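In case you want the letters, here they are:
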Amino acid sequence: MSEIFGFDAYAPREIAQRIDAIGVTKARLPLRAMFMLSLLAGAFIGLGSMMFVLVTADASLSFATARLLGGLVFSLGLLLVTIAGAELF
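Nothing here was measured: the structure is a model prediction, and the numbers come from that model.

Reading guide: rules and limits
Residues numbered from 1 in each chain as written. Predicted model: local features only at pLDDT ≥ 70, side-chain atom pairs only at ≥ 80, totals over all residues. Heavy atoms only, no water. Helix = DSSP H or I, 4+ residues; strand = E, 2+ residues; numbered from the N terminus. Rg over C-alpha atoms; globule rule 2.2 N^0.38 Å. Buried < 20%, exposed > 50% of the residue type's maximum accessible area, 1.4 Å probe, protein only. Contact = heavy atoms within 4.5 Å. Areas by Shrake-Rupley, 256 points an atom, 1.4 Å probe, with all protein chains shown as cover. pLDDT = per-residue confidence, 0-100. Expected span 1.5 Å × (residues − 1). Patch = residues over 30% accessible without salt bridge, like charges linked within 9 Å, V, L, I, M, F, W, Y side chains within 5 Å. Salt bridge = Lys/Arg side-chain N within 4 Å of Asp/Glu carboxyl O.

Draft legend 1. How the structure looks around the overall build of the chain. Scanning the chain from N- to C-terminus turns up three helices and zero strands. Listed N to C, the secondary structure of the chain is α-α-α in terms of helices and strands. What you see for the chain is a C-alpha radius of gyration of 17 Å, clearly larger than the 12 Å of a compact globule of 89 residues, by over 25%. When its C-alpha atoms are laid out on the principal axes, the chain stretches across 55 × 35 × 15 Å. Going through the 89 residues of the chain one by one, you find that 12% of them count as buried. Once local pairs closer than 6 in sequence are excluded, the contacts in the chain between residues at least 24 apart make up 50%. Surface accessibility of the chain: about 6,800 Å² in total, with carbon and sulfur atoms responsible for 71%.

Draft legend 2. Focus on the confidence of the model for the chain. Averaged over all residues, the pLDDT of the chain equals 88, while 92% of them reach at least 70. When pLDDT is averaged over each helix and strand of the chain, the minimum, 89, is found for helix H1 (residues 12–27) and the maximum, 93, for helix H2 (residues 31–56).

Draft legend 3. Fine view of helix H3 (residues 63–84). Here H3 is 22 residues long and its end C-alpha atoms lie 32 Å apart, about the 32 Å a rise of 1.5 Å per residue gives. Among the residues making up H3, those that are buried are Ala-66, Gly-70, Gly-77 and Val-81. Against H2 lie the buried residues of H3. Downstream of H3 by a residue or two, Gly-85 has a phi angle that is positive, lying close to 75°.

Draft legend 4. Inspection of a nonpolar patch on the surface at higher detail. A contiguous nonpolar patch, built from Phe-35, Met-36 and Leu-39 and spanning about 320 Å² of accessible area, is present on the exposed surface. Within the secondary structure layout, Leu-39 lies in helix H2. On the accessibility criterion, Leu-39 (45% relative accessible area) is partly exposed.

Draft legend 5. Quick peek at the pattern of salt bridges. Counted according to the given criterion, the structure contains one salt bridge. Here Glu-87 ties to Lys-26 by a salt bridge, and the two come within 3.3 Å at their closest N and O atoms. Placement of the pair is Glu-87 in the segment after H3 and Lys-26 in helix H1, with a sequence separation of 61 residues.

See the structure below:
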C-alpha cells in the first residue's frame, strides 16, 4: 500500500485495513506536526463559527433562513477540517 489516501472503491475489509493504517500513521505523527494540524483545525472551526455569527446577525434574513444558512456556513469549517486532514479531536 504505497498511497495512504486515495479515491478508489474498496471492499469493506479493505476499507477497515486502510482506516487502521491511516489511524496508525496519524498516531505516530511527530508532536510538532500534530500540534500544527490541531492549530489548523481550530482555525477552520473558528472560521466556521465566525461565518455563523455573521450570517445569523444579518437583520434582513428571517429567523429560520438565518439559522439554516448559519448551519450551512458552519459546516464549511468542518468540511475544511476534513479536506485538509487537520486533527480535530
